Amino acid sequence: EDIKSVSTFAAMSGTAYNLQGSWLNTTQIQVAWEDNVQYADHFLIERSTNYNASFTQVGTVPATQNTFTDAAGLESGNSYFYRVKAVNSMSQSDYSPEFEVLPKIYLNEASDIGAYTFTASWSAIAVAESYKIEVSTDNFESILLEESTSATSLEVTDLEPDHDYQFRVSYLKNQTFIHSDLSRTVKTLPIVLGEINEVDATRISAMQIEISWVENVLHADQFVIERSTNLDNEFVQIATVPYSQKS
């Protein structure tokens, strides 16, 4: 009598749960989860741009792994929904609850910095209804300035010269401001003090005039030289030289 062996498959049990996700950078999201699954071979990770609809598979990992890095065509200004299920060759678990990874604002370095002003700018968020910028001098223990805008940049004014400021930006979605953990620091320029005197101009050839001066200026980066054909005409800038240069 022949004896034949028959393999059986253990029924899968458990699910993935406590799904979380966050941006690693402007093009990658990492998702992580816990599970109480038995007899799984791997996990399937699915993504959508809409809640509870139109999910597509973006990756698989072994059942021993509980993280996945998604880098498939992401845009940092969009929201993404994720869900995870366990599978083996015969069955699959229920899906985990969905998790929404909200867009993340990325701040640019401040520009157009002056003694009393600077311009802040940031990445666009597709779902943002508006943006709010906050400015502080004590790392946001208190807020010096708060202003809303629909644009992705804002000129911050009425500041003090030669001061350190911090700024951060949040965005409004569904009447709730989503705050960013990112901030930037900017230092306003000092006021130029002193004056230029004893300006001397000497013709050194038919086509050249040498200009020199004496000054007692503080906090300057450069000198700007302007020229006119007479005192009644408008002066026109013709050159700039470093502060260390006096001619």
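The text that follows walks through the structure, step by step, so that each part is easy to find. These numbers come from a predicted model, not from an experiment.

**Regarding the overall build of the protein**
Here is step 1: Looking only at helices and strands, the protein has zero helices and 18 strands in total.
Here is step 2: Against the 2.2 N^0.38 benchmark of 18 Å for 247 residues, the protein shows a C-alpha radius of gyration of 31 Å, more extended than a compact globule.
Here is step 3: Summarising its shape, the C-alpha atoms of the protein cover approximately 120 × 40 × 30 Å along the three principal directions.
Here is step 4: For the protein, the share of sequence-separated contacts (at least 6 apart) that also reach a separation of at least 24 residues comes to 54%.

**Observations regarding the sheet that holds strand 3 (residues 42-48)**
Here is step 1: Pairing within the open sheet is antiparallel, and its four strands lie in the order 4-3-6-7. Here the strands that pair on one side only, and so sit at the sheet edges, are strand 4 (56-62) and strand 7 (99-101). Across this sheet, the average inter-strand angle for adjacent strands is 30 degrees, counted without regard to direction.
Here is step 2: Pairing geometry for strand 3 and strand 4, over six bridges, is antiparallel. Within strand 4, the residue paired with Arg47 across the bridge is Thr56.

**A look at the nonpolar core**
Here is step 1: Counting residues in hydrophobic clusters, the biggest one holds 20 residues, and the most contacted among them are Ile29, Val31, Trp33, Phe43, Ile45 and Tyr82.
Here is step 2: When residues of this core are traced back to their parent elements, those giving at least two are strand 1 (16-25), strand 2 (28-35), strand 3 and strand 6 (80-87).
Here is step 3: In terms of nonpolar packing, the next biggest core, distinct from the first, is built from 19 residues, Ile105, Ala110, Leu159 and Ile178 among them.

**Some remarks on unusual backbone geometry**
Here is step 1: A positive phi is found at Tyr39, a non-glycine position, where the angle reads about 70 degrees.
Here is step 2: Here Tyr39 is to be found in the loop between strand 2 and strand 3.
Here is step 3: Although it is not a glycine, Asp162 adopts a positive phi angle of roughly 55 degrees.
Here is step 4: Here Asp162 shows up in the loop between strand 11 (153-156) and strand 12 (164-173).

**So, the pattern of salt bridges**
Here is step 1: This structure, assessed with the given rule, holds seven salt bridges.
Here is step 2: The closest approach of N and O atoms between Glu109 and Arg184, which form a salt bridge, is 2.7 Å. You can see Glu109 sitting in the loop between strand 7 and strand 8 (118-121) and its partner Arg184 sitting in strand 14 (residues 184-187), a full 75 residues away along the chain.
Here is step 3: A salt bridge links Arg168 to Glu134, with the shortest nitrogen-to-oxygen separation between them at 2.8 Å. With Arg168 in strand 12 and Glu134 in strand 9 (residues 130-136), the pair connects residues that are 34 residues apart, well separated along the chain.
Here is step 4: The exposure class assigned to Arg168 is partly exposed, which follows from its relative accessible area of 24%.
Here is step 5: Put simply, Asp162, Asp164 and Lys187 are held in one network by salt bridges that share partners.

**What to know about the environment of Gly21**
Here is step 1: If you trace the backbone, Gly21 turns up in strand 1.
Here is step 2: Along the chain, Gly21 and Val101 lie 80 residues apart, while their C-alpha atoms are 5.8 Å from each other.
Here is step 3: Setting aside anything within four residues of it in sequence, one finds Gly21 in contact with Gln30, Val31, Phe99 and Val101.

**Let's talk about the packing of aromatic side chains**
For any pair of aromatic rings, the description consists of the separation of the ring centres together with the inter-plane angle of the planes.
Here is step 1: Enumeration over the complete set of coordinates arrives at five aromatic pairs.
Here is step 2: It is Arg83 that lies over the ring of Tyr95; its NZ or CZ is 3.8 Å from the centre.

**A short note on the side chain of Lys173**
Here is step 1: The topology assignment puts Lys173 in strand 12.
Here is step 2: The buried category is assigned to Lys173, whose relative accessible area is 15%.
Here is step 3: Apart from the residues within four sequence positions on either side, Lys173 is in contact with Ser79, Glu100, Leu102, Val127, Glu129 and Ile178.

What counts, and where the lines are drawn
- Every residue gets a number counted from 1 within its own chain, in the order that chain's sequence is written.
- It should be noted that, the model being predicted, local features are given only for residues of pLDDT at least 70 and side-chain atom pairs only at 80 or more, the latter also being counted only at that level, while totals for whole chains, interfaces and linings use all residues.
- Remark: hydrogens and water are excluded; side-chain values derive from all non-hydrogen atoms of the structure.
- Helix and strand definitions follow DSSP, with helices as H or I runs of at least four residues and strands as E runs of at least two, each counted in order from the N terminus.
- In this setup the radius of gyration rests on C-alpha atoms only. A globule is expected at 2.2 Å times the number of residues raised to 0.38.
- The contact definition used throughout considers only heavy atoms, calling two residues in contact when any of these lie within 4.5 Å.
- One requirement defines pairing of two strands: DSSP has to find at least two bridges between them.
- The axes are straight lines fitted to the C-alpha atoms, using for helices just the contacting stretch, and the angles between their N-to-C directions are given from 0 to 180°.
- Think of a nonpolar core as a cluster: buried Ala, Val, Leu, Ile, Met, Phe, Trp, Tyr and Cys residues, connected wherever their side-chain atoms sit within 4.5 Å.
- When accessible area is computed with a 1.4 Å probe and restricted to protein chains, residues below 20% of their type maximum are described as buried, those above 50% as exposed, and intermediate ones as partly exposed.
- In the sections that follow, a salt bridge refers to a side-chain nitrogen of Lys or Arg positioned within 4 Å of a carboxyl oxygen of Asp or Glu.
- Each Phe, Tyr or Trp ring (for Trp, its six-membered ring) is paired with any other whose centre lies within 6.5 Å, and the angle between the two planes then decides the class: stacked below 30 degrees, edge-to-face above 60, tilted in between.
- In this scheme, Lys NZ or Arg CZ marks a charge over a ring once it lies within 6 Å of the ring centre and within 35 degrees of the ring normal.

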